[in-house]
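So the chains spell out like this:
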Amino acid sequence: MNVSRFTGFFSRRWHGQVPLRLLFWRDMLLVGTGINLAAAFVVLMLMAQGVSLGLAIALHFSLVPYNLFLTLAVWRSRQGTLAMTLVAVLWLVFFTLV
């Protein structure tokens, strides 16, 4: 993947150029949730193997910037409803704390 395609992914979502249903359902709830669950599983497996708590916490919180980006992209969307924004914020809180 080249850099312009990578930055385009984020830019299009930040500027509301991606349909909200795609951003909300696919990017956040499907892909984002899958990434967060996989990362949580990896962290738990590493902790079971005796990795330091500090490293486990760092790995857990490494996804917060991406989660925050997705939540703010939904929030900024001009197509969004209050319910979708609320679900996005609750999703962010859940995966930050869990």
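The present account deals with the structure reproduced in this document. Here the residue numbers are simple positions, counted from 1 along each chain's written sequence. Totals for whole chains, interfaces and linings use every residue, but because this is a predicted model, local features are given only for residues with pLDDT of at least 70 and side-chain atom pairs only at 80 or more, for both listing and counting. The basis for every side-chain value is the complete set of non-hydrogen atoms in the structure, without hydrogens or water.

A few points about the overall build of the chain
Applied cut-off: Helix and strand labels come from DSSP, where a helix needs a run of H or I of at least four residues and a strand needs a run of E of at least two; each type is numbered from the N terminus. Under the scheme applied here, a residue whose accessible area is under 20% of the maximum for its type counts as buried, over 50% as exposed, and between as partly exposed, the area being computed with a 1.4 Å probe on protein chains only. The contact rule is simple, with two residues in contact once any of their heavy atoms fall within 4.5 Å. The Shrake-Rupley method, run with a 1.4 Å probe, gives the accessible areas here. Residue values count only the displayed protein chains as cover.
Of the regular secondary structure elements, the chain holds 5 helices and 0 strands. Tracing the chain from N to C terminus, the helices and strands come up as α-α-α-α-α. Projected onto its principal axes, the C-alpha coordinates of the chain cover approximately 45 × 35 × 20 Å. Split into buried and exposed, the 98 residues of the chain put 28% on the buried side. Pairs at least 24 residues apart make up 72% of the contacts formed inside the chain by residues separated by at least 6 positions. For the chain, the exposed surface amounts to about 6400 Å²; the carbon and sulfur share of it is 73%.

Notes on a nonpolar patch on the surface
Rules: Residues form patches when they are more than 30% accessible in relative terms and have no salt bridge. Like charges link within 9 Å. Nonpolar side chains (Val, Leu, Ile, Met, Phe, Trp, Tyr) link within 5 Å. Any Lys or Arg side-chain nitrogen found within 4 Å of a carboxyl oxygen on Asp or Glu counts as a salt bridge.
Together, Phe41, Val42, Leu44, Met45, Met47, Leu53, Ile57 and Phe61 make up a nonpolar patch on the protein surface, roughly 770 Å² of accessible area in all. Secondary structure elements with two or more residues in the nonpolar patch: helix 2 (20–48) and helix 3 (53–61). Ranked by the residues each element gives to the nonpolar patch, the list is headed by helix 2, at 5 residues. Mapped onto the secondary structure, Ile57 falls in helix 3.

Considering the pattern of salt bridges
Considering all chains together, one arrives at 2 salt bridges under this definition. One salt bridge connects Arg13 with Asp27, and the closest N-O pair in it is separated by 2.5 Å. Highlighted residues: Arg13 in helix 1 (residues 3–14) and Asp27 in helix 2, separated in sequence by 14 residues. Here the two residues Arg13 and Asp27 agree in accessibility, since each one is buried. When the shortest N-O distance is used, the salt bridge between Asp27 and Arg26 registers 2.9 Å. Take Asp27: its relative accessible area is 3%, and that puts it in the buried class. By relative accessible area, Arg26 is classed as partly exposed at 35%.

A look at the packing of helix 2 against helix 4 (residues 64–76)
Quick note on the threshold: For every element, the axis is a line fit to its C-alpha atoms; helices are fit only across the contacting stretch, and the angle between N-to-C directions ranges from 0 to 180 degrees. Angle categories: roughly parallel below 35 degrees, roughly antiparallel above 145, roughly perpendicular from 65 to 115, and oblique for all the rest. Take the far helix as your reference; a near helix turned counterclockwise from it by less than a right angle gives a left-handed crossing, and one turned clockwise gives a right-handed crossing. Here the nonpolar group is Ala, Val, Leu, Ile, Met, Phe, Trp, Tyr, Cys and Pro; Asp, Glu, Lys and Arg are the charged ones; every other residue, Gly included, is treated as polar.
At a minimum axis separation of 10 Å, helix 2 and helix 4 run at an interaxial angle of 160°. In terms of their interaxial angle, helix 2 and helix 4 are classed as roughly antiparallel. The handedness of the crossing between helix 2 and helix 4 is left-handed. When helix 2 is examined against helix 4, the residues Leu20, Leu23, Phe24, Asp27, Met28, Ile35 and Asn36 are found in contact with a partner set consisting of Tyr66, Asn67, Leu70, Ala73 and Val74. In terms of residue class, the contact of helix 2 with helix 4 is made up of 9 nonpolar, 2 polar and 1 charged.

What about the nonpolar core?
Spelled out, the test is: Take the buried Ala, Val, Leu, Ile, Met, Phe, Trp, Tyr and Cys residues and link them wherever side-chain atoms come within 4.5 Å; each set so joined is a nonpolar core.
If you look at the biggest cluster of nonpolar residues, it comprises 13 residues, and the most contacted ones within it are Leu20, Leu23, Phe24, Met28, Leu70, Val74 and Trp91. Where this core is concerned, the elements lending two or more residues are helix 2, helix 4 and helix 5 (82–97). With residues near it in sequence (within four places) discarded, Met28 still touches Leu23, Thr33, Leu70, Val74, Ala88 and Trp91.

Quick word on the side chain of Thr33
For the record, the criterion: By the criterion applied in these results, polar contacts are pairs of N or O atoms within 3.5 Å in which, for protein atoms, one can donate a hydrogen and the other can accept it, and in which residues neighboring in sequence qualify only through two side-chain atoms.
Mapped onto the elements, Thr33 comes out in helix 2. At 2.7 Å, the side chain of Thr33 forms a polar contact with the backbone oxygen of Leu29. Not counting the four nearest positions on each side in its chain, Thr33 is found in contact with Met28, Trp91 and Phe95.

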